[in-house]
Amino acid sequence: MSASPKDRKQALRKELREARKAHDAALPTSIRALILNRPPAPLLDLVPEGATIGLYVAVAGEAPTAGYARYFYDQGHPLALPAFTDRSAPMEFRSWDNPYVEEALEEGPFGPQPSGDQPIVVPDILITPLVGFTERGERMGQGAGHYDTWLQSHPQVTTIGLAWDIQKVDMLPLEPHDVPLTAIVTPSRFYGPF
Ligand SMILES: Nc1nc2c(c(=O)[nH]1)N(C=O)[C@@H](CNc1ccc(C(=O)N[C@@H](CCC(=O)O)C(=O)O)cc1)CN2
Ligand SMILES: Nc1ncnc2c1ncn2[C@@H]1O[C@H](COP(=O)(O)OP(=O)(O)OP(=O)(O)O)[C@@H](O)[C@H]1O
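These figures come from a predicted structure and were not determined experimentally.

Participant: For the overall build of the protein, give the residues involved together with the corresponding values.
Facilitator: Regarding its fold elements, the protein presents 5 helices and 11 strands. Along the first, second and third principal axes, the C-alpha set of the protein runs to 50 × 40 × 30 Å. In the protein, buried positions account for 48% of the 194 residues. Partitioning the intrachain contacts of the protein with sequence separation of at least 6 by distance along the chain shows that 71% fall at a separation of at least 24. Taken as a whole, the protein presents about 10,100 Å² of accessible surface, with 52% of it coming from carbon and sulfur.

Participant: Describe the site of ligand 1, with residues and values.
Facilitator: Around ligand 1 sit 15 residues in total, of which R20, K21, V57, E62 and H146 are the nearest. A distance of 2.8 Å separates an oxygen atom of ligand 1 from a polar atom in the side chain of K21. For ligand 1, whose free accessible area comes to 660 Å², the fraction covered by protein is 73%. Mapped onto the shell around ligand 1, the elements with two or more residues apiece are helix 1 (5-25) and helix 5 (146-152). Counting residues per element, the shell around ligand 1 draws most heavily on helix 1, which supplies 3 residues.

Participant: Can you lay out the site of ligand 2 for me, pointing to particular residues and giving the numbers?
Facilitator: Around ligand 2, 18 residues are found, and the nearest of them are K9, R13, R139, H146 and Q152. Where the shell around ligand 2 is concerned, the elements lending two or more residues are helix 1, strand 8 (139-140) and helix 5. Broken down by class, the residue content of the shell around ligand 2 amounts to 3 nonpolar, 8 polar and 7 charged.

Cut-offs used in this document
Residues numbered from 1 in each chain as written. Chains lettered and ligands numbered in written order. Predicted model: local features only at pLDDT ≥ 70, side-chain atom pairs only at ≥ 80, totals over all residues. Heavy atoms only, no water. Helix = DSSP H or I, 4+ residues; strand = E, 2+ residues; numbered from the N terminus. Buried < 20%, exposed > 50% of the residue type's maximum accessible area, 1.4 Å probe, protein only. Contact = heavy atoms within 4.5 Å. Areas by Shrake-Rupley, 256 points an atom, 1.4 Å probe, with all protein chains shown as cover. Near = heavy atom within 4 Å. Polar contact = N/O pair within 3.5 Å; in protein donor to acceptor, adjacent residues only side chain to side chain. Nonpolar A, V, L, I, M, F, W, Y, C, P; charged D, E, K, R; others polar.

Laid out in structure tokens, this is it:
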């Protein structure tokens, strides 16, 4: 019997997480500071004035978001980050006051997140982490279904995947709940809008 999409995803996820880590670790510090430092013009074309931008705080291996966070903040956009009340709670977004101040965040079950005092918001533009993508806008994440579940109840949101070029694959095992992206940005290319 051939493996199910879920099993094939898990195997590919392991491979791509390792590739992503190795790629990131091999980047010279002086180069890393320049990469994905400012959103490219085709991304800005998708962002209305005043739109709330959902971001993520990158962990080791992930495409960095600090430059985009500061850029959008400087342009007057409200920012938001994923937040969880506990490990089994669904993902929500809470306001991110100030991307220049690290202490503004507290430790959540999946990393730094805004404190529970911050209002819950719905981003208009969502910049998502990913483990793998295709040039057709298909996305594979960490496998917890956090983004797919949230996006299913917020289908109007514009979703932008942020990734290293090496995370592109020809095919992803897909399941019916997988929500495709509006566009993808890598250090060398812009894919979409689809
Ligand atoms: N930076 C970042 N923030 C994020 C996500 C993400 O992928 N990256 N999420 C995405 O949904 C949500 C949190 N959900 C997560 C669910 C599972 C794992 C996870 O399994 N992590 C692995 C390590 C992965 C690696 O080595 O790259 C682990 O803990 O073993 C991480 C986050 C929201 N915030
Ligand atoms: N819309 C949904 N409704 C209910 N469960 C879902 C939904 N989307 C995903 N799931 C659950 O989450 C599990 C993981 O899904 P999948 O492997 O597609 O996650 P992913 O795309 O890698 O992660 P994410 O969406 O967090 O980035 C699925 O097996 C499923 O049980």
